[in-house]
Amino acid sequence: MSGPRIQPSILDIAPYVPGLSSAPSDKRLVKLSSNETPLGTSPLAVEAYRGSSEFLHLYPDGSAKKLRAAIGDRYDLDPKRIVCGNGSDDLLYLLATAFAGTGDEVLLTKHAFAMYEIAARSVGATPVIAPARFLGSDVDSLLKHITPNTRMCYLANPNNPTGTFVPSGEVERLRDGLPDHVVLVIDAAYAEYVRREDYSDGIELVDRHDNVIVTRTFSKIYGLAALRLGWLYGPPEVIEALNRIRCPFNANGAAQAAGIAALSDTAFVEAAVTHNEKWRPWLEMELEAIGLVAHPSIGNFVLVEFERSSGRSAKEVYEYLLRNGVVGRELSGYNLEDYLRFTVGLEEDNRLLVGLLSEFLASANQ
Ligand SMILES: *Cc1c(COP(=O)(O)O)cnc(C)c1O
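Note that the structure is a prediction, hence the values are computed from the model and not measured. (Residues numbered from 1 in each chain as written. Predicted model: local features only at pLDDT ≥ 70, side-chain atom pairs only at ≥ 80, totals over all residues. Heavy atoms only, no water.)

Chemist: Please set out the state of the cysteines residue by residue, giving values where relevant.
Modeler: Scanning all chains against the criterion turns up zero disulfides. Here C247 stays free of any disulfide, with the sulfur of C84 as its closest cysteine sulfur at 14 Å. Take C247: its relative accessible area is 56%, and that puts it in the exposed class. (Disulfide = S-S within 2.5 Å. Buried < 20%, exposed > 50% of the residue type's maximum accessible area, 1.4 Å probe, protein only.)

Chemist: Please give an account of the packing of helix 4 (residues 87-99) against helix 5 (residues 115-122) that cites residues and values.
Modeler: Where helix 4 contacts helix 5, the two axes come as close as 8 Å, and the packing angle between them is 40 degrees. Comparing the axis directions of helix 4 and helix 5 gives the class oblique. The hand of the helix 4/helix 5 crossing is right-handed. For the pair helix 4 and helix 5, the contacting residues are D89, L92, Y93 and A96 in the first and M115, Y116, I118, A119, A120 and S122 in the second. Considering only residue class, the contact of helix 4 with helix 5 consists of eight nonpolar, one polar and one charged. (Axes fitted to C-alpha atoms, helices over the stretch in contact; angles between N-to-C directions. Helix = DSSP H or I, 4+ residues; strand = E, 2+ residues; numbered from the N terminus. Parallel < 35°, antiparallel > 145°, perpendicular 65-115°, else oblique. Left-handed = near helix turned anticlockwise from the far one by under 90°. Contact = heavy atoms within 4.5 Å. Nonpolar A, V, L, I, M, F, W, Y, C, P; charged D, E, K, R; others polar.)

Chemist: Lay out the pattern of salt bridges with the relevant residues and their values.
Modeler: Oppositely charged side chains can pair when the atoms bearing their charge come close. Counting across every chain of the model gives 20 salt bridges. Between D201 and R216 there is a salt bridge whose closest N-O contact spans 2.5 Å. Here the residue D201 occupies a position in the loop between strand 6 (183-187) and helix 8 (203-208), and R216 occupies one in strand 7 (residues 212-217), the gap between them amounting to 15 residues. Taken individually, D201 and R216 each receive the classification buried, so the pair is uniform in this respect. (Salt bridge = Lys/Arg side-chain N within 4 Å of Asp/Glu carboxyl O.)

Chemist: How would you sum up the site of the ligand? Please name residues and give values.
Modeler: All residues in the neighbourhood of the ligand are listed as G87, S88, D89, F113, N160, D187, A189, Y190, T217, S219, K220 and R228. Contacts to the ligand include N160, whose side-chain N or O atom sits 2.7 Å from an oxygen atom. Contacts to the ligand include T217, whose side-chain N or O atom sits 2.6 Å from an oxygen atom. Within the complex, 93% of the 380 Å² of free accessible area of the ligand lies under protein. With three residues, helix 4 is the largest single contributor of residues to the shell around the ligand. (Near = heavy atom within 4 Å. Polar contact = N/O pair within 3.5 Å; in protein donor to acceptor, adjacent residues only side chain to side chain. Areas by Shrake-Rupley, 256 points an atom, 1.4 Å probe, with all protein chains shown as cover.)

Chemist: Run through the domain arrangement of the protein chain, naming residues and quoting values.
Modeler: With domains assigned, the protein chain is organised as domain 1 (17-40 + 267-364) and domain 2 (43-264). Centre-to-centre, using C-alpha coordinates, domain 1 lies 26 Å away from domain 2. On the side of domain 2, 26 residues touch domain 1, which itself brings 24 residues to the contact. Summing both sides of the interface, domain 1 and domain 2 together bury roughly 2200 Å²; the carbon and sulfur share of this comes to 66%. Counting the contacts that link domain 1 with domain 2 gives one salt bridge. Across the pair E270 and R195 runs a salt bridge whose closest N-O atoms are separated by 3.7 Å. (Domains from an automatic or database assignment. Buried area = accessible area lost by both parts, 1.4 Å probe.)

Chemist: Requested: an account of the packing of aromatic side chains, with residues and values cited.
Modeler: Summed over the entire model, instances satisfying the criterion amount to nine aromatic pairs. Ring centres of Y75 and W231 lie 5.4 Å apart, and the angle between their planes is 40 degrees; this geometry places the pair in the tilted category. Placement of Y75 in helix 3 (residues 65-75) and of W231 in strand 8 (residues 230-233) is noted, with a sequence separation of 156 residues between them. Measuring from ring centre to ring centre gives 5.1 Å for F218 and Y222, while their planes differ by 40 degrees; the resulting arrangement is tilted. Y222 carries the same exposure label as F218, and that label is buried. (Phe/Tyr/Trp six-rings, centres within 6.5 Å; stacked < 30°, edge-to-face > 60°.)

Chemist: Let's hear about the pairing of strand 2 (residues 82-85): which residues, and what values?
Modeler: The side-chain alternation of strand 2 yields two buried faces, one formed by I82 and C84 and the other by V83 and G85. In the sheet, strand 2 pairs with strand 8 via four bridges, with the strands oriented antiparallel. Residue C84 lies in a different strand from strand 8, and its bridge partner there is W231. (Pairing = 2+ DSSP bridges.)

This is the structure:
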């Protein structure tokens, strides 16, 4: 063979398919496909973003010092143990680069967030997929799949797209069951939304052990998905390694400015939690009322099963909704062919979704 040779493990990657973001026609689209907040962005963050336009000709602070200090303040963490990135995806990739390579295994659960498998393969490692239990991660199942080649384990908590979570005691049991050299990466992208006593984002485990890392994001409740900003908290040795391999300016200036301002707007975040606590249960209840099965979720989205509960396939429903201006998330890439995921939207969006589903199922039953 002649010409460039792509690494074989990269050719095995199924491309990440994001939720649709614009309508096929010119219609306004109600986008319930990517778990973005329906409440927009804090006005303080928008103002800071605009302010950053004066400095577009300058490189940003590569160490994101002020932003790390603001995160440290907000979450009571040592800023020296924080690394920021171009979205948490950037950091999930970096972690794979730091800990895994050809011949190594990276452990994850079936139906887990797609980025883990992509990151593992991109560094030549083999993803090992532990079976799920009730669609969620199961500690015994994960522990059973550890081999001498396991280098890291990704755990989305809560998980996207299933909305499931692993209670804090179970996460601790997972950590305690891992060999010391296996790194546990806890992706807590939706942590701010969760209001449960038995949930933790895992930060306290980072403080107690040298093989736990927690990633967080500004893309979800903070409403800054377009700017690409995430951060992680980890042990000093890991932070040092990541700072060597990350791109020097992997958190851009506008994102840093907006991120700092977003952290200061606690009322905005509270309002988002209140909205979600009202409308996610409402959605779940209304969906059940029209005969659908909504999987219990602790995030800002719900996973809905179709064929088995309504006789209509998820694909038919997806297309019907799209024709009517609502986009859900299709999940065949997650081995969830009979499900769609819907982000909790504004009141009118949620009502529109339930109305359309109800109409469609009723028309099917005649
Ligand atoms: C949305 C999401 C992220 C966030 O990714 P960013 O790159 O920070 O936008 C990370 N993990 C999960 C599970 C998600 O659903």
